[in-house]
Amino acid sequence: MAAVGATVGVGGPVHAMSGGTQLPQPGAAPWIATLAQKGNGPLLGRASCGGALVAPDRVLTAAHCLDGVDVRGAEVHIGSSVLSKDPGTVRDIRSVTPHPSYKLLPSPADPGRPEWSSAAYDMAEIRLSAPVRGVEPLPVAQHRPRPGTPVSIFSHGTTAEQDPSQPGKEIRGDVLRRGDLTVRAHRQCAAQTPAVVDETSVFCARDPRAEHPDHAPTTMCRGDSGSPLVVWGRRGPELTGIFSFAGETAGKLCGQPADAAFADVPALLPQLRAGARPGGAPAGSATLG
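One structure accompanies this document, and this report is about it. Computed from a predicted structure; not experimentally measured.

About the thresholds
- Residues numbered from 1 in each chain as written.
- Predicted model: local features only at pLDDT ≥ 70, side-chain atom pairs only at ≥ 80, totals over all residues.
- Heavy atoms only, no water.
- Disulfide = S-S within 2.5 Å.
- Helix = DSSP H or I, 4+ residues; strand = E, 2+ residues; numbered from the N terminus.
- Buried < 20%, exposed > 50% of the residue type's maximum accessible area, 1.4 Å probe, protein only.
- Pairing = 2+ DSSP bridges.
- Axes fitted to C-alpha atoms, helices over the stretch in contact; angles between N-to-C directions.
- Contact = heavy atoms within 4.5 Å.
- Core = buried A, V, L, I, M, F, W, Y, C linked by side-chain atoms within 4.5 Å.
- Lys, Arg positive; Asp, Glu negative; His and termini not counted.
- Salt bridge = Lys/Arg side-chain N within 4 Å of Asp/Glu carboxyl O.
- Polar contact = N/O pair within 3.5 Å; in protein donor to acceptor, adjacent residues only side chain to side chain.
- Phe/Tyr/Trp six-rings, centres within 6.5 Å; stacked < 30°, edge-to-face > 60°.

Further remarks concern the state of the cysteines. Scanning the entire structure with this criterion turns up two disulfides. Each sulfur in the disulfide pair C49 and C65 lies 2.1 Å from the other. Residues C49 and C65 are joined by a disulfide whose S-S torsion is about -90°; by sign, that bridge is left-handed. Here C65 lies in the loop between strand 5 (58-61) and strand 6 (74-78) and C49 lies in strand 4 (residues 47-55), a separation of 16 residues in the sequence. Overall, C49 belongs to the buried group, its relative accessible area being 1%. The disulfide bridge from C189 ends at C204, spanning 1.9 Å between sulfur atoms. Measuring the twist about the S-S bond at about -45°, one finds the C189-C204 disulfide to be left-handed. Placement of the pair is C189 in helix 2 (residues 186-191) and C204 in strand 13 (residues 202-206), with a sequence separation of 15 residues. An identical accessibility class is assigned to C189 and C204; each is buried.

Next comes the structure, spelled out in structure tokens:
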């Protein structure tokens, strides 16, 4: 779980999608959220983690994206498909409620390497400064998807491509991407990384064609943290997971096949909301004045 500098996401891993299908058309995923630092520079350079609008004034993301962050310097963009062309609807952050059991889990292979850490209960709810009008929030699924279930992740983030003029520098994904994955059994996920995979709060998914020689696998890299994983219901997409960590816990690079781990939204959201203080700011939140 790679630490990031003084940006949204300083608290832990921030990774993003390699592969997948580009979705440049406006409204491709109107509920998609992008966290960013406030500033006058291009959004593409300020953007950080992803998220999903689940109520007019609520966004779900990964808890590690906001761990230790002063949210007064952050903002949320809703519905941007191409970051450089359309900032979407912009809102300040009024408060943040992390899951009360959220924690980073040092790797048993090397506890001193934070980039190898995993996480448990890695989900937080952002309360926006004002409701977002004209956007249908993403419904939350009723239960964790079973192994073998097709799912899709929607994300911005860096890709495996590099800028030839700046060797080693990753290029952030300007265009929203969709990656199609399949849910994996816990034993399969736990077997492919030395990191701790908390079965209670986490489930995994992987590109089923990852090992095919003619297929560029969909993998998670820098920038995907907090991005929504959806299951396809009768009425369309339903939120089932929030991206937490992936192959970096096993020393893999962006683009190398690996399981991706997601916070179990149907299970964790009721727990998170139950921890809020009645009639006041959510417990453990950082509230803007």
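There is more to say after this.
Right, let's get into the sheet that holds strand 4. Strand order in the closed barrel made by the six strands is 3-4-5-10-7-6, with antiparallel pairing throughout. When the angles between neighbouring strand axes are averaged without regard to direction, this sheet yields 40°. In this sheet, strand 6 lies alongside strand 3 (residues 32-37) in antiparallel orientation, the contact comprising five bridges. Looking at the pairing, Q37 lines up with A74 of strand 6. Set on the sheet, helix 3 (residues 265-274) makes contact with strand 4, strand 5, strand 7 (89-98) and strand 10 (124-128); between it and strand 10 the angle comes to about 60°.

Another aspect to go through is the nonpolar core. Of all hydrophobic cores here, the largest spans 44 residues; its most connected members are M123 and I126. Core analysis: the next-biggest nonpolar cluster, separate from the first, contains 14 residues, V183, A205, L229 and A260 among them.

Bringing the pairing of strand 16 (residues 236-245) into the picture now. Along strand 16, eight of the ten residues are buried, which leaves the element largely enclosed by surrounding structure. One ladder, built from six bridges, connects strand 15 (residues 228-233) with strand 16; its direction is antiparallel. If you follow V231 over to strand 16, its bridge partner there is E238. What sits between strand 15 and strand 16 in their antiparallel hairpin is a turn of two residues. As judged from the four bridges shared by strand 16 and strand 17 (residues 260-264), these two strands associate in the antiparallel manner. Its bridge partner being in strand 17, G241 is matched across the sheet by D264.

All right, on to the side chain of R91 then. Along the polypeptide, R91 turns up in strand 7. Although R91 lies buried, it forms no salt bridge, and the closest oppositely charged side chain, D92, sits 8.7 Å away as judged by the N-O distance. A distance of 3.0 Å separates a polar atom in the side chain of R91 from the backbone oxygen of A130. In this structure the side chain of R91 is engaged in a polar contact, spanning 2.9 Å, whose partner is the backbone oxygen of P131. If we skip the residues at most four places from it in the chain, R91 touches E75, V76, L128, S129, A130, P131 and V132.

Glancing now at the packing of aromatic side chains. Per the stated rule, a full pass over the model turns up four aromatic pairs. A connected cluster of aromatic rings, assembled from ring pairs, spans W31, F154 and W232.

Purely spatial values, then, with no claim about function.
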